[in-house]
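# Examining the three-dimensional arrangement
Spelled out from the first residue to the last, the chains are:
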Amino acid sequence: MITAPAGVDFRPLTAPVSIDDADASEFIEMVRVRNRIYREIAGHDDHRIAPDELLPHYQPDEDERRLMWTIHVDGQMVGRAGIDLPLQGDSKLAFWLVELVRDVWGHGIGTAAYELLERIARENGRTVLQSWAAHPDAPGPRLAPPTGFGTIPEDHAARFYLRHGFSLEQIERNSAFDLQGPFDGVERLLAQAVAASSEYRLVQWFVPTPPEFVDGYAWMKSRMATDAPAANLEFDEETWDAGRIARHDSRYTDSGRTLQVTAAQHIETGELCAFNELVIGKDHTEASHQEDTLVLKDHRGHRLGTLVKCAGLLSWRAVAPESPRVITYNAEENRPMLDINEAIGFVPIAYEGAWKKVLDD
Ligand SMILES: CC(C)(COP(=O)(O)OP(=O)(O)OC[C@H]1O[C@@H](n2cnc3c(N)ncnc32)[C@H](O)[C@@H]1OP(=O)(O)O)[C@@H](O)C(=O)NCCC(=O)NCCS
């Protein structure tokens with residue numbers, strides 16, 4: 001039995017099919033509250049998203065079940081609690097979040113929301129619970145993960161996780177690249193990478209993925225789950241086929257977002273071996289986001305990471321000339337990737353903690 005503090009209620013969120021539907025107001029308010037919470041934590045609006053651009057991520061999905069509750073105090077929406085249940089095989093995983101506006105922290109609302117989510121995880125046979133949170137820099141005691149890379153302040157969110165039995169497993173660095181500054185360094189690095197990768201050619205597209213690249217892109221996307229440094233976090237093997245690529249692509253195209261994929265293709269075999277993704281919403285004056293970047297294991301050591309990142313950024317100037325910066329996330333122990341980003345000119349702006357708890361079966 002979960003008892004929420006007096007005056008607090010949790011309402012299951014049903015996402016509308018379209019943002020213009022009569023019943024879309026709860027979803028629109030959820031996104032407004034989400035954006036406010038991210039602004040309160042980060043001090044800027046780079047994590048903002050428009051309701052119609054977030055909506056495709058809340059449509060029924062055969063790869064993952066997404067459940068969310070909005071949290072209300074005396075009728076006012078103050079936050080949200082959500083849980084994602086991957087549907088790969090007999091997945092033991094659940095990914096969750098609880099996000100509250102700052103005014104209501106420290107009254108037991110987060111605890112009640114977490115208890116609801118843990119119950120849902122148990123009811124669905126999930127025993128590995130994982131969650132990420134921003135930990136803005138602050139004075140005082142710090143926590144380090146077992147990776148030995150990075151630390152975060154033992155802040156309110158960290159104490160919340162610890163009290164609910166979670167351990168800090170990994171630090172993620174959030175970095176930014178100034179799109180309005182000079183690109184000479186990027187051009188120089190690209191020239192060096194081109195010279196070091198003569199067996200490869202660059203190919204580029206905007207989603208929806210052209211048919212000739214679907215299989216190669218699907219394979220590289222499937223390797224993101226297995227090849228990115230995961231510390232002691234757990235991820236299921238992911239199967240990506242043409243259908244999943246189409247579902248993935250439509251999450252961007254349905255709301256008019258732009259996703260540019262820059263890839264390296266092995267000339268002799270035609271295999272796609274490395275890729276980089278850059279994304280922006282309909283409002284091109286907002287921040288851009290670097291999403292996945294990966295070099296397949298067999299093709300490492302040819303500067304392909306630098307190649308796809310630099311080529312992607314150089315084209316991006318024409319795609320979104322007004323966007324102020326590109327935001328990206330990397331594991332703090334991912335030295336090869338951080339070396340590339342630092343050489344390009346990305347600078348750290350914030351750190352996140354990745355937290356995990358294993359429930360008894
Ligand atoms: C992290 C977060 C979810 C915690 O929610 P919360 O409602 O503040 O958490 P609780 O009130 O349940 O517990 C926090 C503190 O309040 C205390 N508390 C619990 N019930 C209380 C009550 N009824 N009255 C007063 N204090 C209470 C707890 O003892 C705890 O104290 P501590 O900081 O010394 O450990 C919230 O701060 C938040 O949304 N942060 C931003 C997003 C984020 O980082 N989310 C992390 C999970 S994804």
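Residues numbered from 1 in each chain as written. Predicted model: local features only at pLDDT ≥ 70, side-chain atom pairs only at ≥ 80, totals over all residues. Heavy atoms only, no water.

Attention now moves to the domain arrangement of the protein. For interface size, the figure often reported is the accessible area lost on association. Its domain assignment divides the protein into domain 1 (8–172) and domain 2 (176–351). For domain 1 versus domain 2, the separation of C-alpha centres amounts to 26 Å. In this assembly, 30 residues from domain 1 lie in contact with 31 residues from domain 2. Among the residues of domain 1 in contact with domain 2, Asp 46, Glu 53 and Glu 172 are the three that bury the most area, contributing 23% of the side total. The tally of links from domain 1 across to domain 2 stands at eight salt bridges. One can count 14 residue pairs in polar contact (both at pLDDT 80 or more) joining domain 1 with domain 2. Secondary-structure elements contributing two or more residues to the side of domain 1 that touches domain 2 are helix H2 (51–54), strand E4 (93–100), strand E5 (128–134) and strand E8 (167–178). Broken down by element, the residue count for the side of domain 1 that touches domain 2 peaks at five residues, all from E5. Taken together, the residues of the side of domain 1 that touches domain 2 sort by class into twelve nonpolar, nine polar and nine charged. (Domains from an automatic or database assignment. Contact = heavy atoms within 4.5 Å. Buried area = accessible area lost by both parts, 1.4 Å probe. Salt bridge = Lys/Arg side-chain N within 4 Å of Asp/Glu carboxyl O. Polar contact = N/O pair within 3.5 Å; in protein donor to acceptor, adjacent residues only side chain to side chain. Helix = DSSP H or I, 4+ residues; strand = E, 2+ residues; numbered from the N terminus. Nonpolar A, V, L, I, M, F, W, Y, C, P; charged D, E, K, R; others polar.)

So, on to the site of the ligand. In the region of the ligand, 22 residues are neighbours, and Leu 100, Gly 106, Gly 108, Gly 110 and Thr 111 sit closest. Here a nitrogen atom of the ligand and a backbone polar atom of Val 98 are 2.8 Å apart. Take Arg 159: an N or O atom from its side chain is 3.3 Å from an oxygen atom of the ligand. When the ligand is considered free in solution it has 930 Å² of accessible area, and contact with the protein chains removes 74% of it. Looking at the shell around the ligand, the elements that each hand over two or more residues are E4, helix H3 (109–123), E5 and helix H4 (156–163). (Near = heavy atom within 4 Å. Areas by Shrake-Rupley, 256 points an atom, 1.4 Å probe, with all protein chains shown as cover.)

In this section: the nonpolar core. Core analysis: the biggest nonpolar cluster contains 46 residues, and Met 30, Ile 71, Ile 83 and Trp 96 have the highest contact counts within it. Broken down by element, the residue count for this core peaks at eight residues, all from H3. Leave out the neighbours within four places in its chain, and Met 30 touches Leu 13, Leu 54, Tyr 58, Met 68, Thr 70, Met 77 and Arg 80. Among the nonpolar cores identified, the runner-up in size contains 27 residues, and Tyr 200, Cys 273, Ala 274 and Leu 313 belong to it. (Core = buried A, V, L, I, M, F, W, Y, C linked by side-chain atoms within 4.5 Å. Buried < 20%, exposed > 50% of the residue type's maximum accessible area, 1.4 Å probe, protein only.)

With that settled, consider unusual backbone geometry. Here the residue pair Val 207 and Pro 208 is connected by a cis peptide bond, since its omega of 10° sits within 30 degrees of zero. Assignment of secondary structure puts Pro 208 in the loop between strand E9 (200–206) and helix H6 (214–227). Positive phi is not limited to glycine here, since Asp 74 has a value of about 45°. Its relative accessible area of 65% is what places Asp 74 among the exposed residues.

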